[in-house]
Amino acid sequence: MDEQVEEVRRLLEAIERLEQMQDDEACAKAVTQVLDTWPDHHARLRELRQARVQRMKDSGMTWQQIGNVLGVHPTRAQQIAKGLRGTKRPAKKDAEAQSG
(Lines give C-alpha, C1' and ligand atoms only; values in the text may rest on other atoms or scores of the structure.)
Protein backbone atom coordinates (compact mmCIF):
# COMPACT_ATOMS: atom_id res chain seq x y z
CA MET A 1 0.00 0.00 0.00
CA ASP A 2 1.10 3.63 -0.40
CA GLU A 3 2.58 5.75 2.35
CA GLN A 4 0.97 5.23 5.72
CA VAL A 5 -1.59 7.81 6.69
CA GLU A 6 -0.40 9.83 9.68
CA GLU A 7 -3.20 8.53 11.92
CA VAL A 8 -2.36 4.92 11.05
CA ARG A 9 1.31 5.54 11.79
CA ARG A 10 0.45 7.04 15.18
CA LEU A 11 -1.79 4.09 16.07
CA LEU A 12 0.97 1.62 15.22
CA GLU A 13 3.49 3.67 17.18
CA ALA A 14 1.19 3.53 20.21
CA ILE A 15 1.21 -0.27 20.00
CA GLU A 16 5.00 -0.23 19.77
CA ARG A 17 5.14 1.98 22.90
CA LEU A 18 3.05 -0.61 24.74
CA GLU A 19 5.56 -3.29 23.69
CA GLN A 20 8.42 -1.17 25.00
CA MET A 21 6.94 -0.69 28.48
CA GLN A 22 9.36 -2.02 31.08
CA ASP A 23 6.80 -2.61 33.83
CA ASP A 24 5.08 -5.95 33.05
CA GLU A 25 2.08 -5.22 35.27
CA ALA A 26 1.52 -1.75 33.82
CA CYS A 27 1.89 -3.09 30.28
CA ALA A 28 -0.49 -5.99 30.84
CA LYS A 29 -3.04 -3.64 32.43
CA ALA A 30 -2.79 -1.12 29.57
CA VAL A 31 -3.13 -3.83 26.91
CA THR A 32 -6.14 -5.25 28.76
CA GLN A 33 -7.76 -1.82 28.69
CA VAL A 34 -7.19 -1.56 24.95
CA LEU A 35 -8.50 -5.06 24.28
CA ASP A 36 -11.56 -4.51 26.47
CA THR A 37 -12.60 -1.53 24.37
CA TRP A 38 -11.40 -2.84 21.00
CA PRO A 39 -14.71 -4.40 19.84
CA ASP A 40 -16.39 -0.99 20.10
CA HIS A 41 -13.54 0.72 18.27
CA HIS A 42 -13.48 -1.98 15.61
CA ALA A 43 -17.20 -1.53 14.97
CA ARG A 44 -16.77 2.26 14.76
CA LEU A 45 -13.95 1.88 12.24
CA ARG A 46 -15.99 -0.51 10.09
CA GLU A 47 -18.96 1.91 10.15
CA LEU A 48 -16.70 4.85 9.31
CA ARG A 49 -15.18 2.99 6.36
CA GLN A 50 -18.62 1.92 5.14
CA ALA A 51 -19.95 5.48 5.25
CA ARG A 52 -16.91 6.87 3.44
CA VAL A 53 -17.06 4.20 0.74
CA GLN A 54 -20.76 4.97 0.24
CA ARG A 55 -19.90 8.67 -0.08
CA MET A 56 -17.19 7.87 -2.63
CA LYS A 57 -19.73 5.90 -4.68
CA ASP A 58 -22.34 8.65 -4.33
CA SER A 59 -19.79 11.16 -5.61
CA GLY A 60 -19.55 9.22 -8.87
CA MET A 61 -16.61 6.89 -8.35
CA THR A 62 -16.85 3.40 -9.84
CA TRP A 63 -16.42 0.25 -7.76
CA GLN A 64 -13.15 -0.31 -9.64
CA GLN A 65 -11.86 3.13 -8.62
CA ILE A 66 -12.93 2.63 -5.01
CA GLY A 67 -11.34 -0.82 -4.96
CA ASN A 68 -8.11 0.69 -6.28
CA VAL A 69 -8.12 3.32 -3.52
CA LEU A 70 -8.67 0.67 -0.84
CA GLY A 71 -6.43 -1.94 -2.41
CA VAL A 72 -9.28 -4.45 -2.69
CA HIS A 73 -11.27 -6.07 -5.48
CA PRO A 74 -14.21 -3.99 -6.75
CA THR A 75 -16.61 -6.67 -5.47
CA ARG A 76 -15.12 -6.26 -1.99
CA ALA A 77 -15.59 -2.49 -2.24
CA GLN A 78 -19.30 -3.11 -2.91
CA GLN A 79 -19.49 -5.45 0.09
CA ILE A 80 -17.87 -2.83 2.32
CA ALA A 81 -20.44 -0.25 1.18
CA LYS A 82 -23.20 -2.68 2.16
CA GLY A 83 -21.60 -3.36 5.54
CA LEU A 84 -20.82 -6.98 4.72
CA ARG A 85 -17.90 -8.64 6.40
CA GLY A 86 -15.24 -10.61 4.61
CA THR A 87 -15.32 -14.39 4.51
CA LYS A 88 -12.46 -14.80 6.99
CA ARG A 89 -14.82 -15.10 9.95
CA PRO A 90 -18.56 -15.17 10.48
CA ALA A 91 -20.42 -12.20 11.87
CA LYS A 92 -20.54 -12.13 15.67
CA LYS A 93 -24.24 -13.09 15.75
CA ASP A 94 -23.57 -16.10 13.49
CA ALA A 95 -20.61 -17.25 15.59
CA GLU A 96 -22.67 -17.06 18.79
CA ALA A 97 -25.54 -19.03 17.21
CA GLN A 98 -23.14 -21.75 16.04
CA SER A 99 -21.50 -22.10 19.46
CA GLY A 100 -24.74 -22.01 21.45
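Residues numbered from 1 in each chain as written. Predicted model: local features only at pLDDT ≥ 70, side-chain atom pairs only at ≥ 80, totals over all residues. Heavy atoms only, no water.

Further remarks concern the overall build of the protein. Along the backbone of the protein there are five helices and zero strands. Taken from the N to the C terminus, the helices and strands of the protein come in the order α-α-α-α-α. By the burial criterion, 12% of the 100 residues in the protein qualify as buried. A separation threshold of at least 6 residues defines the contact pool for the protein, and within that pool the share at least 24 residues apart is 35%. Carbon and sulfur atoms make up 52% of the accessible area of the protein, which totals about 8,500 Å². (Helix = DSSP H or I, 4+ residues; strand = E, 2+ residues; numbered from the N terminus. Buried < 20%, exposed > 50% of the residue type's maximum accessible area, 1.4 Å probe, protein only. Contact = heavy atoms within 4.5 Å. Areas by Shrake-Rupley, 256 points an atom, 1.4 Å probe, with all protein chains shown as cover.)

Another aspect to go through is the environment of Gln 54. Here Gln 54 is to be found in helix H2 (residues 24-58). Between the alpha carbons of Gln 54 and Lys 82 there is a distance of 8.3 Å; along the sequence they are 28 residues apart. Among the polar contacts listed, one links the side chain of Gln 54 to the backbone oxygen of Ala 81, at a separation of 2.6 Å. (Polar contact = N/O pair within 3.5 Å; in protein donor to acceptor, adjacent residues only side chain to side chain.)

Our next topic: H2. Along its 35 residues, H2 runs 49 Å from first to last C-alpha, staying within 8% of the 51 Å computed at 1.5 Å per residue. The largest bend in H2 comes to about 50°, at Trp 38, with the proline Pro 39 one to four residues further on. Taken together, the buried positions of H2 are occupied by Cys 27, Ala 30, Val 53 and Met 56. Looking at the buried side of H2, the elements it contacts are helix H1 (6-20), helix H3 (63-70) and helix H4 (74-82). (Expected span 1.5 Å × (residues − 1). Bend = angle between axes of the 7 residues up to and from the residue.)

By secondary structure assignment, the location of Arg 55 is in helix H2. For the pair formed by Arg 55 and Ala 81, sequence separation is 26 residues and the distance between their alpha carbons is 9.0 Å.

So, on to the packing of H2 against H4. Following both chains from N to C, one finds H2 and H4 inclined at 115°, their axes separated by 7 Å at the closest point. Relative to H4, H2 is oriented roughly perpendicular. Here H2 runs over H4; the crossing is left-handed. On H4, the residues touching Arg 49, Gln 50, Val 53 and Gln 54 of H2 are Arg 76, Ala 77, Ile 80, Ala 81 and Lys 82. Grouping the constituent residues of the contact of H2 with H4 by class yields four nonpolar, two polar and three charged. (Axes fitted to C-alpha atoms, helices over the stretch in contact; angles between N-to-C directions. Parallel < 35°, antiparallel > 145°, perpendicular 65-115°, else oblique. Left-handed = near helix turned anticlockwise from the far one by under 90°. Nonpolar A, V, L, I, M, F, W, Y, C, P; charged D, E, K, R; others polar.)

Moving on: the nonpolar core. In summary, soluble globular proteins display a tendency toward joint burial of nonpolar side chains. In terms of nonpolar packing, the biggest core is built from six residues, these being Val 53, Met 56, Ile 66, Ala 77, Ile 80 and Ala 81. Elements represented by at least two residues in this core include exactly H2 and H4. Of the residues forming this core, the biggest block, three residues, is contributed by H4. Apart from residues no more than four positions distant in its own chain, Ile 80 is found in contact with Arg 49, Gln 50, Val 53 and Leu 70. (Core = buried A, V, L, I, M, F, W, Y, C linked by side-chain atoms within 4.5 Å.)

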